[in-house]
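# Observations on chain architecture
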Amino acid sequence: MVGTSRTGALLLGCRRLLRAGPALLLAGLALASPARADDAKVRISRQPGFVYLPAVLAEQHKLIEKHAKAAGLGDVAVEWVNLTSGAAGNDALLSGNIDIVDSGSTNMLLLNDRTRGDVKGLCGVGTTPMLLLTRNPDVKTLGDFSGKDKIALPSVKVSSQAVLLQIAAKKAFGPENATKLDPLTVQLGHPDAVAALASPHNEINSHFSLPPFQQRELQDPAIHTVLNSFELVGEPVSNAILYARAGWYTRNPKLAAAIVAAIDEANAAIARDPLQAAKDYVAATNEKTPPETLVAIMKEPGTNFSTTPYGIMLQARHFYAMKTIKAEPKDWKDTFFPIVHNLPGK
């Protein structure tokens, strides 16, 4: 049919299919308009802290969008949602308000158990040492804390800081006293905890912190370190990972791979030019810490930006011993999607 437009040809084809029968019509329409394999939008939550540097770079440089387009997904909209705690991220994930959480691995382990494996890790993001700080001059060790002290944590009992505090208490006071310091803990986001610790009149006088907040807090000569998480366990612990529900992962195989590739690219950029990565972080977050200080944090033992998950079984075993979770994972891979099973996690 000479001169017929593409649209006209399609309509003509549909009329012929209609005469041939509804089944053939539906098949013809499916061929004419192929379905998209992955979602056109993804919503990711993130908390404040330098350990989330790869995610900050991925947002700033639109790395997920870049890798999604390279995978043939077209223009994927990526929405980043800032939350102050892993508990808030978990609530948003279960309610369907976000698709992926970027938080500590303990929050993923909790949901993995409670959803019977429906929630799993997508990939690691970063590990950084966490310091337990106090402005109480009488507190030199864990045994010096008393009822007059209040310790700020991002989430009580289940955050990475809360779990490491319990592990430290087991070492200091015996396994039966793992929760001895729990009554002193208070849930508070890191920025608010910094403000509380800076005020001599605030009842919160201690903070199990995170870079760069702990570096900022230690500028005050009245504040000192009681505990270093890396020295406590002797290995890196992923206090930032990405995790999602199984339905999202199954529905979005290409997008999931694009997200992991984006974090890998961000990590490569950090390794290649740490100072530029630090400058990008400051520009994106309005962080007051000088970029040079952030570079020094990157060089500290226990700091590692990688999609490889670390310290998963350490925390899972503790959760199981404390009866926080009902089922003990046999391997870290039991709690992560297959996309990272080739990595040397632990």
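Residues numbered from 1 in each chain as written. Predicted model: local features only at pLDDT ≥ 70, side-chain atom pairs only at ≥ 80, totals over all residues. Heavy atoms only, no water.

- The name an unreviewed UniProt entry assigns to the chain is NitT/TauT family transport system substrate-binding protein, from the organism Methylobacterium fujisawaense.

## Structural notes on the environment of Ala222
- The topology assignment puts Ala222 in the loop between α9 (213–217) and β9 (224–228).
- Among residues more than four places away in sequence, those in contact with Ala222 are Thr134 and Arg135. (Helix = DSSP H or I, 4+ residues; strand = E, 2+ residues; numbered from the N terminus. Contact = heavy atoms within 4.5 Å.)

## A short note on the packing of helix α3 (residues 53–60) against helix α13 (residues 274–285)
- It is at 10 Å that the axes of α3 and α13 come closest, and there the two elements cross at 75 degrees. With respect to each other, α3 and α13 are oriented roughly perpendicular. For the pair formed by α3 and α13, the contact residues are Leu53, Val56, Leu57 and Gln60 on the first element and Ala277, Asp280, Tyr281, Ala283, Ala284 and Thr285 on the second. (Axes fitted to C-alpha atoms, helices over the stretch in contact; angles between N-to-C directions. Parallel < 35°, antiparallel > 145°, perpendicular 65-115°, else oblique.)

## Considerations on the sheet that holds strand β2 (residues 77–82)
- Taken in spatial order, the 5 strands line up as β2-β1-β3-β10-β4 in an open sheet, and their pairing is mixed. The sheet terminates laterally at β2 and β4 (119–127), the two strands that pair on one side only. Between one strand axis and the next, the sheet turns through 20 degrees on average, direction left out of account.
- Here strand β1 (residues 41–46) pairs with strand β3 (residues 100–103) via 3 bridges, running parallel. Across the sheet, Ile44 pairs through a bridge with Ile100, a residue of β3. (Pairing = 2+ DSSP bridges.)

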